Amino acid sequence: EADIYQTPRYLVIGTGKKITLECSQTMGHDKMYWYQQDPGMELHLIHYSYGVNSTEKGDLSSESTVSRIRTEHFPLTLESARPSHTSQYLCASSEPQQGLGSEQFFGPGTRLTVL
Amino acid sequence: ILNVEQSPQSLHVQEGDSTNFTCSFPSSNFYALHWYRWETAKSPEALFVMTLNGDEKKKGRISATLNTKEGYSYLYIKGSQPEDSATYLCASIIYSGGGADGLTFGKGTHLIIQP
C-alpha cells in the first residue's frame, strides 16, 4: 500500500476563506502532482513538482498555489475559496525514472465543497 | 490539452464472464500509457505502465495491450469477480521535451460485477 496521505478528506467551507490541502508522502519520491476532478469529469493535472523548491503549473489552469519546501510535503493553497473550486483534489507522487513513465502513487483525495 | 477517450463509460458484467474495454489516445509524441484501478473510497492504484508498441502486460486475470501507432489500448478481465468492481482509468503521457510526466486521464470505465 502506498504511503501518501491527504488531509482533510472532506472539507465544507464558506466563500472567501483561505484553505490549505495537505499532502505528504513517506516514500522519498522527488516528483509530486496535484490533480483536480470535477463531478463526472476526468482528473486534470493542476500542479507538479520535480523536487524541493520546484513547482510548475499543469495542463488545467487553477487559482490554487503550491509549495515544496520539503521532499515529503506538497501542500495546495486557495487564498479565497469560491463555489467554482468545489471539486475533488488528488495528490500523487512518483519515482524519477529516466526514459520511462513511472507509475504514480495516489493519496485518497480531498473532497472540497465551497458554499 | 490532448484527449484520452475511454469506452464504454459503464459496464455491467455477470460474475465469471470476461470483459474488455478501450482507451484511445493521440499517437503523436507518445511516451507512456497507464492503467489505474479506482475502487470507491480508496486511492487509484496502478495496474500497468506501458511504453512500447505491441506491449502486452498481465497481472493475474487482468491484461492489457498497447498499439501506439493507431493510438489505442485494451484492458481485459478474465473470469470477472465482484472485487473487480471499480472504475478503470486510462492515462497517457505525451513527450513534451521538458521532462514533465503529468498524466492526461480519460473519464474512466465504471465496471460493476453482478453476482
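The coordinates are above.
Our subject in this report is the structure included herewith. (Residues numbered from 1 in each chain as written. Chains lettered and ligands numbered in written order. Predicted model: local features only at pLDDT ≥ 70, side-chain atom pairs only at ≥ 80, totals over all residues. Heavy atoms only, no water.)

A short note on unusual backbone geometry
Both trends apply: most residues other than glycine have a negative phi, and most peptide bonds are in trans. In the segment running from Thr-7 of chain A into Pro-8 of chain A, the intervening peptide bond is cis, with an omega of -10°. The residue Pro-8 of chain A is located in the loop between strand S1 (4-7) and strand S2 (10-13) in this model. Following Ser-7 of chain B, the chain continues into Pro-8 of chain B via a peptide bond in cis, with omega recorded as -5°. Turning to its location among the elements, Pro-8 of chain B is positioned in the loop between strand S1 (5-7) and strand S2 (10-14). A positive phi angle is found at Asn-53 of chain A, which is not glycine, with a value near 70°. (Helix = DSSP H or I, 4+ residues; strand = E, 2+ residues; numbered from the N terminus.)

Comments concerning the packing of aromatic side chains
This model, assessed by the stated rule, comprises 12 aromatic pairs over all chains. Residues Phe-106 of chain A and Tyr-36 of chain B carry aromatic rings whose centres are separated by 5.4 Å and whose planes lie at 85° to one another, so their mutual orientation is edge-to-face. In this pair, Phe-106 of chain A sits in strand S10 (residues 105-106) while Tyr-36 of chain B sits in strand S4 (residues 30-38), so the two residues belong to two different chains. Among the aromatic residues, those joined into a ring-pair cluster are Tyr-33, Tyr-35 and Phe-106 of chain A together with Tyr-36 and Phe-105 of chain B. (Phe/Tyr/Trp six-rings, centres within 6.5 Å; stacked < 30°, edge-to-face > 60°.)

What about the layout of surface pockets?
The computed volume of the largest pocket comes to approximately 590 Å³. Forming the walls of the largest pocket are 27 residues, and the residues nearest its centre are Gln-37, Gln-88 and Arg-111 of chain A together with Trp-38 and Thr-87 of chain B. For the lining of the largest pocket, the secondary structure elements donating two or more residues are strand S9 (87-94) and strand S11 (110-114) of chain A together with strand S9 (86-94) and strand S11 (109-114) of chain B. Broken down by element, the lining of the largest pocket gets its largest block of residues, three residues, from S11 of chain A. The class makeup of the residues in the lining of the largest pocket is eight nonpolar, 13 polar and six charged. (1 Å grid on protein atoms, 1.4 Å probe; cavity = no way out; pocket = protein on both sides within 12 Å on 5 of 7 lines; lining within 4 Å. Points joined across faces, edges and corners; volume = space filled by probe spheres on them. Nonpolar A, V, L, I, M, F, W, Y, C, P; charged D, E, K, R; others polar.)

Description of the side chain of Gln-37 of chain A
Mapped onto the elements of the fold, Gln-37 of chain A is located in strand S4 (residues 31-37). Residues contacting Gln-37 of chain A, with those up to four places away along its chain left out, are Glu-42, Leu-43, Ser-87 and Gln-88 of chain A together with Trp-38 of chain B. (Contact = heavy atoms within 4.5 Å.)

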